[in-house]
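The lines below spell out each chain.
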Amino acid sequence: MDTHTPAPSPKSSRGRRGRQQNHRERRRVEMELELEAMRKHDFSWHPCRVSLRSSGVGLIVEYGTNDTDDCIVTKEEALSRLRIRSTPLHGDECSLLREGDRVLATRKSPPKSLFFDAQVEKPLRVRHSKKIHCRCMFVVRWIHHGREGETATIPSSAIMKMSAECITLHPTIVAFFSSLTTPNHCTISPLPTVLKGMDYERDVLQLEKQIEDISNAADSSGIKVSENLIDGDVLPYVVTSLYI
Ligand SMILES: [Zn+2]
């Protein structure tokens, strides 16, 4: 009997489940690294890792370089400054870029090149050969703040393709957004604190005096005092209505 032949047993299905779990875990770790963030001070984009702040309020953005970590505290900021990481062009993907497409492109800004948002103005296609795969060039127009309208001619290797995926599927982003919608548990007194310690008896007497004065004045001026005020159903010193 061949003892090495795997029998179709619960053990093999456990193995399959294990592989699926491993795949999901690998996918989760990959997704953790699949984001890019826009730096606030120069609008350049960088691969990043995000995590929830220990206080539970906010998202920490680690750039993985010497840059200091960043913090995002609102959903709007997360949606405008984070996205799924852009990828280099592979194979013949340069041929898919059309005029008007939005891309992430390298701009030499000493001391190092940085990536900024740009729009393809004009593809300058060169027939691909086996020897030199892609010599295509692209005229791009920068669309990030500070350089809007300026153009540059760059090789396809300086262009990254933006992802069509939305960050709202990213597990940490999902957790961050749900933390924003969770009601916070601090309790608020139903009464305004200004009412605390109020001397009601004195205030009611004062109020009745004011109402009497106003009523007397209203007889001649056409202003009617709300009767609810006299019963004390509304906040003191507040309501009068125009008499028509
Ligand atoms: Zn090409």
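Parameters at a glance
Residues numbered from 1 in each chain as written. Predicted model: local features only at pLDDT ≥ 70, side-chain atom pairs only at ≥ 80, totals over all residues. Heavy atoms only, no water. Donors = N, O, S within 2.8 Å, 3.2 Å for Na, K, Ca; no water. Tetrahedral: all angles 85-135°; square planar, octahedral: opposite > 155°, others 65-115°. Helix = DSSP H or I, 4+ residues; strand = E, 2+ residues; numbered from the N terminus. Buried < 20%, exposed > 50% of the residue type's maximum accessible area, 1.4 Å probe, protein only. Salt bridge = Lys/Arg side-chain N within 4 Å of Asp/Glu carboxyl O. Phe/Tyr/Trp six-rings, centres within 6.5 Å; stacked < 30°, edge-to-face > 60°. Lys NZ or Arg CZ within 6 Å of the ring centre and 35° of its normal.

> What exactly am I supposed to notice about the coordination of the zinc ion here?
Four donors placed tetrahedrally about a metal ideally form angles of 109.5 degrees, and six donors placed octahedrally ideally form angles of 90 or 180 degrees. Protein-derived ligands of the zinc ion are C94 (SG), H128 (NE2), C134 (SG) and C136 (SG), with the metal-ligand distances lying across 2.1 to 2.3 Å. One can describe the site at the zinc ion as tetrahedral: its four donor atoms subtend angles covering 95 to 118° at the metal. Counting residues between consecutive donors of the zinc ion along the chain gives the motif C-x33-H-x5-C-x1-C. In this pair, C94 sits in the loop between β6 (87-88) and β7 (102-109) while C136 sits in the loop between β8 (112-124) and β9 (137-142), placing the two residues 42 residues apart along the sequence.

> Is there a simple way to think about unusual backbone geometry in this case?
Leaving glycine aside, a negative phi is the common case for residues, and trans is the common case for peptide bonds. Even without a glycine there, the phi angle at F43 is positive, about 65°. Relative to the assigned elements, F43 resides in the loop between β1 (35-38) and β2 (45-52). F43 gets classed as partly exposed once you look at its relative accessible area, which sits at 23%.

> Just checking my understanding: could you explain the pattern of salt bridges for this structure?
With the rule as written, the count across this model stands at ten salt bridges. Two residues, R39 and D42, come together in a salt bridge whose shortest N-O distance is 2.5 Å. A relative accessible area of 8% means that R39 is categorised as buried. Note that E150 is salt-bridged to R147, the shortest N-O span being 3.1 Å. Since its relative accessible area comes to 37%, E150 is described here as partly exposed.

> How do you make sense of the packing of aromatic side chains when you look at a structure like this?
The way to describe two aromatic rings as a pair is by their centre distance and the angle between their planes. Here the structure, examined in full by the defined rule, presents two aromatic pairs. Ring geometry for F116 versus W142: centroids 6.4 Å apart, planes at 80°, classification edge-to-face. Pair noted here: F116 is in strand β8 and W142 is in strand β9, with a separation of 26 residues, a long-range link. Between F176 and F177, the aromatic rings sit 5.8 Å apart at their centres with planes inclined by 40°, giving tilted as the arrangement. Taking NZ or CZ as reference, K75 lies 5.0 Å from the ring centre of F177, over its face. The aromatic ring of F116 is capped on one face by R107, whose charged end is 4.4 Å from the ring centroid.

These values are about where atoms sit, not about what they do.
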